[in-house]
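Each chain is listed here by its residues.
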Amino acid sequence: METNLIRESAVGKIILIGEHAVVYGEPAIAMPFSEARVTASISEKKGPVDLDCIYYKGELFKAPEILLGLSRLVEEITKSFNKKLEDFTIRIDSTIPPERGMGSSAAVAIATTRALYKYFNKKLSYEKLTNLANISETVIHGTPSGIDAATIAGEKPLYFIKGEPFKALKLNLDGYLIVADTGEKGQTKATVASVRNLTKSNPKKYIPLIKELGQLTNQARESIEKNNKKLLGQLMIQAHKNLQDLGVSNQILDRLVEAALDQGALGAKLTGGGRGGCMIALAADKKSADLIAKSLIENGAKNVWIDNLGDDLIDI
Ligand code: PMV
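Residues numbered from 1 in each chain as written. Predicted model: local features only at pLDDT ≥ 70, side-chain atom pairs only at ≥ 80, totals over all residues. Heavy atoms only, no water.

**Some details on empty space enclosed by the protein**
This is how it is decided: Lining residues are those with an atom within 4 Å of a point, where the points come from a 1 Å grid over the protein atoms alone and group into cavities, where a 1.4 Å probe fits but cannot get out, or pockets, open sets with protein on both sides within 12 Å along at least five of seven lines. Grid points are joined across faces, edges and corners, and a volume is the space filled by probe spheres set on the points. Under the scheme applied here, ten amino acids are nonpolar (Ala, Val, Leu, Ile, Met, Phe, Trp, Tyr, Cys and Pro), four are charged (Asp, Glu, Lys and Arg), and all others, including Gly, are polar.
Within the structure shown, the criterion is met by one cavity of 30 Å³ or more. Taken as a whole, the largest cavity holds about 40 Å³ of empty space. In terms of lining residues, the largest cavity is bounded by Arg100, Gly101, Gly186, Gln187, Thr188, Thr271, Gly272, Gly273, Gly274, Gly276, Gly277 and Cys278. Of the residues in the lining of the largest cavity, the class split is one nonpolar, ten polar and one charged.

Here is the structure:
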């Protein structure tokens, strides 16, 4: 009989501004998204380690390629404790839609790491947690900036620069953020690679777009600290234009951004890797957020969440 021993979870994340540019050392702002989460459970069983998730049920090391990041992570952690890879099952349950730029893969890695550390009775620091999660993120995304793992592990809004100590961001904004899922898989690995190609083949044209995204992020940080929603909205609109020019938007993302703006959103843009995945819109109040959410569904969004940014006010 299986004994359920351990259960640990992790939230999703949303990048407010700065995706893609963050890969090139520019800043980005990301926030935890607690409307959606991943739970990792570990139970005892005899024999080789099993995995049970929506993609696959069976022995961990026969898992399909899509789960390679997770199996590497589990291997690494068990090895670091001098334990054998046997006698437990990992089960993953998630309400974060996968491959939508909501940090599903990092949340799986973080929930699993937390569960394994608890199972083996080991202490886990924030730094260790983000480093481990990035093992799996590197297998999945190629050259991740680390922003997903940092935000999800810390569960606080972050002003993030790759390779620098993470700075928690004082979120002083009383607006509403609407997150809409296009229903299409985002393509982070492909879009990161295609932006890399563009910046290599035509740096004169594309590097300035990246640099400008960094400047927009810095202005966004100021607007958040000063509760200037109107300005933040304008910055989001400009960021979306730059992301379009970098070739990472697509028709449905553009349609949803247009629909949100037509319905009175202060700003709207794609979020995450792009070419599918999710978009976000900023609304001044709940009434406006409800209208925007309704319009996004009418325009083809498969799911919509409304996050009260005022609830996330934090004191640092
Ligand atoms: O995981 P996603 O789809 O939210 O994308 C991460 C953001 C990128 O800047 C596109 C890539 C990265 O590693 O930072």
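**Quick look at the domain arrangement of the chain**
Just so we agree on the cut-off: As annotated, the domain borders come from an automatic or database domain assignment. The contact rule is simple, with two residues in contact once any of their heavy atoms fall within 4.5 Å. Buried area, as used here, totals the accessible surface that two parts lose on assembly, with accessibility defined by a 1.4 Å probe and the loss added over both. Any carboxyl oxygen of Asp or Glu that lies within 4 Å of a side-chain nitrogen of Lys or Arg is treated as forming a salt bridge with it. In this description a helix means any DSSP run of H or I spanning at least four residues, a strand means any run of E spanning at least two, and both kinds are numbered starting from the N terminus.
Assigned domains within the chain: domain 1 (3-168) and domain 2 (176-312). Between domain 1 and domain 2, the C-alpha centre-to-centre distance is 24 Å. Contacts between the two partners involve 29 residues from domain 1, matched on the other side by 42 residues from domain 2. For the pairing of domain 1 and domain 2, the buried interface totals around 3,100 Å² over both sides, and the portion due to carbon and sulfur atoms is 64%. Of all residues in domain 1, the largest losses of buried area upon contact with domain 2 belong to His20, Tyr24 and Arg100, amounting jointly to 23% of the total for that side. Our count for the contact surface shared by domain 1 and domain 2 stands at four salt bridges. Residues Lys269 and Glu19 are paired through a salt bridge, measuring 2.8 Å at the closest nitrogen-oxygen approach. Listed by contribution, the elements that provide at least two residues to the side of domain 1 that touches domain 2 are strand 1 (3-17), strand 2 (28-48) and helix 3 (126-141). At five residues, strand 2 tops the list of elements feeding residues into the side of domain 1 that touches domain 2. Its residues assigned to classes, the side of domain 1 that touches domain 2 shows 17 nonpolar, six polar and six charged.

**Side note on the site of the ligand**
We apply this condition: Distances are taken per atom, and a residue is near a molecule or strand as soon as one of its heavy atoms is within 4 Å of it. For this analysis, a polar contact is any N or O atom pair within 3.5 Å, provided that within protein one partner can donate a hydrogen and the other can accept it, and provided that sequence-adjacent residues contribute only side-chain to side-chain pairs. All accessible areas in this document rest on Shrake-Rupley with a 1.4 Å probe, and a residue is counted as covered only by the protein chains that are shown.
Residues in contact with the ligand amount to 15 residues; listed here are only the nearest, Lys13, His20, Ser145, Thr188 and Gly273. Here an oxygen atom of the ligand sits 2.6 Å away from a polar atom, N or O, in the side chain of Lys13. His20 is positioned such that a nitrogen or oxygen atom in its backbone is 2.8 Å from an oxygen atom of the ligand. Relative to its free-state accessible area of 370 Å², the ligand is covered by the protein chains to the extent of 95%. Counting residues per element, the ones that place at least two in the shell around the ligand are strand 1, helix 4 (147-154) and helix 5 (188-201). Among the residues forming the shell around the ligand, the class breakdown is six nonpolar, six polar and three charged. No fewer than three residues from each of domain 1 (3-168) and domain 2 (176-312) sit in the shell around the ligand.

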